[in-house]
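# Examination of the molecular architecture
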Amino acid sequence: MNFYFRRGRPEQFWPWLTGALTISRDDVSAIFRLAWMMSQDSGEILNHIPNQPGLMKKYFSYLLGNQQLDDAGPVAVRVAESADESDLPGLMRYCDRYADGDPQRSLPVWNTLARRKLIPYQPLAPTTGQFLTNSDFSVEPAKHGFDWNIPSVDGVVVTRSSESRGIRFEFSGDEPESCDLLTQRVPLIPGRTYQFTWRAEAEQGLQMAGMA
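One structure accompanies this document, and this report is about it. (Residues numbered from 1 in each chain as written. Predicted model: local features only at pLDDT ≥ 70, side-chain atom pairs only at ≥ 80, totals over all residues. Heavy atoms only, no water.)

## As for the overall build of the chain
Across its full length, the chain holds eight helices and four strands. Reading the chain from its N terminus to its C terminus gives the helix and strand order α-α-α-α-α-α-α-α-β-β-β-β. Its C-alpha atoms give the chain a radius of gyration of 22 Å, more than 25% over the compact-globule value 17 Å for 212 residues. A burial count over the chain gives 34% of its 212 residues as buried. (Helix = DSSP H or I, 4+ residues; strand = E, 2+ residues; numbered from the N terminus. Rg over C-alpha atoms; globule rule 2.2 N^0.38 Å. Buried < 20%, exposed > 50% of the residue type's maximum accessible area, 1.4 Å probe, protein only.)

## Notes on the side chain of N111
Tracing the backbone shows N111 in helix α8 (residues 103–115). There is a polar contact of 2.7 Å between the side chain of N111 and the backbone nitrogen of L124. Setting aside anything within four residues of it in sequence, one finds N111 in contact with P123 and L124. (Polar contact = N/O pair within 3.5 Å; in protein donor to acceptor, adjacent residues only side chain to side chain. Contact = heavy atoms within 4.5 Å.)

## Observations concerning the packing of helix α6 (residues 73–81) against α8
The interhelical angle for the contact between α6 and α8, taken along N-to-C directions, is 0°, at an axis separation of 9 Å. The orientation of α6 with respect to α8, classified from their angle, is roughly parallel. Contacts between α6 and α8 involve A76, V77, A80 and E81 on the former and, on the latter, P108, V109, T112 and L113. (Axes fitted to C-alpha atoms, helices over the stretch in contact; angles between N-to-C directions. Parallel < 35°, antiparallel > 145°, perpendicular 65-115°, else oblique.)

## Observations regarding the packing of aromatic side chains
Counting across every chain of the model gives twelve aromatic pairs. Summarising the aromatic geometry, the rings of F5 and F13 are spaced 6.1 Å apart at their centres and angled 50° between planes, so their arrangement reads as tilted. Overall, the relative accessible area of 21% leaves F5 in the partly exposed class. For F13, a relative accessible area of 0% corresponds to the buried category. On the numbers, 5.0 Å between centres and 55° between planes, the contact of Y94 with Y98 is tilted. Of the two residues, Y94 and Y98 are both situated in helix α7 (residues 88–99); the distance of four residues between them amounts to about one turn of the helix. (Phe/Tyr/Trp six-rings, centres within 6.5 Å; stacked < 30°, edge-to-face > 60°.)

## Notes on the environment of G155
Mapped onto the elements of the fold, G155 is located in the loop between α8 and β1 (156–161). Residues G155 and V77, spaced 78 residues apart in sequence, show a C-alpha to C-alpha distance of 40 Å. In contact with G155, other than residues within four places in its own chain, are E170, F171, S172, D174 and E175.

## Quick notes on the environment of T22
Looking at where T22 falls in the secondary structure, it is placed in helix α2 (residues 10–23). With relative accessibility at 34%, the residue T22 sits in the partly exposed group. Separated by 28 residues in sequence, T22 and P50 place their C-alpha atoms 6.8 Å apart. T22 has contacts with P50 and Q52, leaving out every residue within four places of it along the chain. Of note is the side chain of T22, whose polar atom sits 2.7 Å from the backbone oxygen of T18.

## Examining the pattern of salt bridges
Within the structure shown, the criterion is met by seven salt bridges. Across the pair K57 and D84 runs a salt bridge whose closest N-O atoms are separated by 4.0 Å. Remark: D84 occurs in the loop between α6 and α7 and K57 occurs in helix α5 (residues 53–65); sequence separation between them is 27 residues. A residue is classified by how much of its surface remains accessible, and D84, at 37% relative accessible area, is partly exposed. Three or more residues are tied together by salt bridges with common partners; here these are K57, D84 and D87. (Salt bridge = Lys/Arg side-chain N within 4 Å of Asp/Glu carboxyl O.)

Geometry only, nothing functional implied.
Take a look at the structure:
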């Protein structure tokens, strides 16, 4: 592999790289690094990495460690298909990176984890109207990916009620005049119209509802 790399002969280099990855049992980051020195085409590189769960996890870790998340999409999906709980931090990092701004990159990973019950949500399908995650707060917000994020705000205490399936905000009076209390990244289809409804109740019994 090194011989053909030094001589710039990719047609011989790639089969040897595949063979080296197939038989290797130790750290293979040097092989991945050599592949990226030979080519900057992420698709070409992935085509020569055996589609084995262990190798896909190692390659995904390599891409994360080198801040190459833009090249990790197809790898992340493959890792999600065979992931266990130990793989969730890296996969959530990938989902966080793209859920805001480019959700089509992270949605396949998120939905694969949801289908496999590694995260406690239903898969999202914006084409059929399933675009909210944890809409009734039935589980504690994960603050990752497409689930709710609850920013830390001075003067505000936040708790989740498992009985009423809602979120409770307690204001001390020292909170900012304007702040975000609850946010969620929502994958939508461009050009379509969506409707969100919500309901809130104050401690004095005042009820409020809204639509957006």
